[in-house]
Amino acid sequence: MPSIIITGAGSGVGRATARAFIDAGWDVGLVGRRAAALEETAGDSGALVLPCDVTDEDAVDAAFGKAVQAWGRLDALFNNAGVSLGGAPLDELKVADIRNLLDVNIMGAFIAARAAFGQMRKQDPQGGRIINNGSVSAYVPRWGSAPYTASKHAVTGLTRTISLDGRRFNIACGQIDIGNALTDMAAKMTKGVPQADGSNAIEPVMDVANVASSVLHMASLPLDANVQFMTVMATNMPYIGRG
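Looking at an unreviewed UniProt entry, one finds the protein chain named 3-oxoacyl-ACP reductase, with Pseudosulfitobacter pseudonitzschiae as its source organism. Note on the protein chain: under the UniProt heading Sequence similarities (unreviewed entry), the record states "Belongs to the short-chain dehydrogenases/reductases (SDR) family."

So, in structure tokens, the structure goes:
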């Protein structure tokens, strides 16, 4: 059966996606900082629980090594781990909080992608697929989201470059850009969030299962086909022009 590692698998999009892959019969490795949350995601499925911080290179390499030892190869990575900050003008944000967000959202994505790319390059048969979690913020910003938006633009650059560099090694790379999937992180949308015009407004949300099924579709394609970018979002959320 095919295998996948999912980062940020202890909650939200990561948990929903992990369970979709488990139900589809994949071997699944669950990466995240909180072992108890990963155990809850896994249930009695037999999924591998791989607690680690994606910003820790040695810990990530060890987690990927454990998965490959169990499965013999790695077919896919869903590079999903990420954090956000509350909306605020840039000068009101603490530099330490900005550094932490960039470390997780950019360096964490690079470190996990690096581990997956290295394994996919050396395994026989060679190849695999990396799916990065972007955001609609990779295209247009939400008010007060400079660090998050910048991090997701960086993820897009990572996606494009892996897509190019991976061709020689049969490694495909795509990106899913998500808008207002209803998770704990997005629950605030249902109560009202700041808009660019200074107002506060409730925003439409969608079931996170729509994200999980989309990632499963992307990962299930043969390696000679690729969804380069997919946007899946609540239909009526502010997006085009953020209006």
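That shown, we press on.
Student: An account of the overall build of the protein chain is needed here, citing residue identities and associated values.
Tutor: Tallying secondary structure elements over the protein chain gives six helices and 11 strands in all. Within the protein chain, buried positions represent 51% of all 243 residues. Pairs at least 24 residues apart make up 66% of the contacts formed inside the protein chain by residues separated by at least 6 positions.

Student: Tell me about the pattern of salt bridges, and please be specific about residues and values.
Tutor: With the rule as written, the count across this model stands at four salt bridges. Put simply, aspartate 75 and arginine 73 hold a salt bridge, and the shortest N to O gap is 2.8 Å. Across the salt bridge formed by glutamate 203 and arginine 142, the nearest N and O atoms sit 2.8 Å from each other. In this pair, glutamate 203 sits in the loop between β9 (200-201) and β10 (206-207) while arginine 142 sits in the loop between β5 (128-133) and α5 (146-165), placing the two residues 61 residues apart along the sequence. Under the relative-accessibility criterion, glutamate 203 is labelled buried at 3%.

Student: Please set out the packing of aromatic side chains residue by residue, giving values where relevant.
Tutor: Note on aromatic pairs: each is described by the distance of the centres and the angle between the planes. For the coordinates displayed, the defined rule picks out two aromatic pairs. Judged by centre distance (4.9 Å) and plane angle (90°), the rings of phenylalanine 21 and tryptophan 26 are edge-to-face. In this structure tryptophan 26 comes out as buried when scored by relative accessible area, which is 11%. With centroids separated by 5.8 Å and ring planes inclined at 80°, the aromatic side chains of phenylalanine 117 and phenylalanine 169 adopt a geometry described as edge-to-face. Taken together, the residues span a long stretch of sequence, with phenylalanine 117 in helix α4 (residues 95-122) and phenylalanine 169 in the loop between α5 and β6 (171-179) at a distance of 52 residues.

Student: Could you give an account of the pairing of strand β1 (residues 3-7), with specific residues and numbers?
Tutor: When you tally the buried positions in β1, you get five out of five residues, the bulk of the element. On β1, burial covers both faces: Ser3, Ile5 and Thr7 on one face and Ile4 and Ile6 on the other are all buried. The pairing of β1 with strand β2 (residues 27-32) spans five bridges and is parallel. The partner of isoleucine 6 across the bridge, within β2, is leucine 30. Handedness of the crossover joining β1 and β2 through helix α1 (residues 12-23): right-handed. In terms of strand pairing, β1 meets strand β4 (residues 76-79) through three bridges, oriented parallel. Bridge pairing links isoleucine 4 to alanine 76 in β4.

Student: How would you summarise the sheet that holds β5 if you had to cite specific residues and measurements?
Tutor: In space, the seven strands of this open sheet follow the order β3-β2-β1-β4-β5-β6-β11, with parallel pairing throughout. Lying at the two open borders of the sheet, with one neighbouring strand each, are β3 (48-51) and β11 (229-233). The mean angle between the axes of side-by-side strands here comes to 20°, regardless of whether they run parallel or antiparallel. Set on the sheet, α1 makes contact with β1, β2, β4, β5 and β6; between it and β1 the angle comes to about 165°. On top of the sheet, helix α3 (residues 57-71) reaches β1, β2, β3 and β4; it is set at about 165° to β3, its chief contact.

Student: Which residues make up the packing of α1 against helix α6 (residues 209-220), and what values go with them?
Tutor: In contact at an axis separation of 8 Å, α1 and α6 are set at 55° when each is read in the N-to-C sense. By the angle between their directions, the pair α1 and α6 is classed as oblique. For the element pair α1 and α6, the recorded crossing hand is right-handed. For the pair α1 and α6, the contacting residues are Val13, Ala16, Thr17, Ala20 and Phe21 in the first and Val211, Ala212, Val215, Leu216 and Ala219 in the second. Within the contact of α1 with α6, the residues separate by chemical class into nine nonpolar, one polar and no charged.

Student: Explain α4 residue by residue, including any values.
Tutor: Helix length check: α4, at 28 residues, gives a terminal C-alpha distance of 39 Å against a target of 40 Å (1.5 Å per residue), a fit within 8%. The largest bend along α4 reaches roughly 30° and is located at methionine 107.

Parameters at a glance
- Residues numbered from 1 in each chain as written.
- Predicted model: local features only at pLDDT ≥ 70, side-chain atom pairs only at ≥ 80, totals over all residues.
- Heavy atoms only, no water.
- UniProt positions renumbered as here; feature names shortened; annotations may be inferred.
- Helix = DSSP H or I, 4+ residues; strand = E, 2+ residues; numbered from the N terminus.
- Buried < 20%, exposed > 50% of the residue type's maximum accessible area, 1.4 Å probe, protein only.
- Contact = heavy atoms within 4.5 Å.
- Salt bridge = Lys/Arg side-chain N within 4 Å of Asp/Glu carboxyl O.
- Phe/Tyr/Trp six-rings, centres within 6.5 Å; stacked < 30°, edge-to-face > 60°.
- Pairing = 2+ DSSP bridges.
- Right-handed = clockwise from strand over helix to strand, strands pointing away.
- Axes fitted to C-alpha atoms, helices over the stretch in contact; angles between N-to-C directions.
- Parallel < 35°, antiparallel > 145°, perpendicular 65-115°, else oblique.
- Left-handed = near helix turned anticlockwise from the far one by under 90°.
- Nonpolar A, V, L, I, M, F, W, Y, C, P; charged D, E, K, R; others polar.
- Expected span 1.5 Å × (residues − 1).
- Bend = angle between axes of the 7 residues up to and from the residue.

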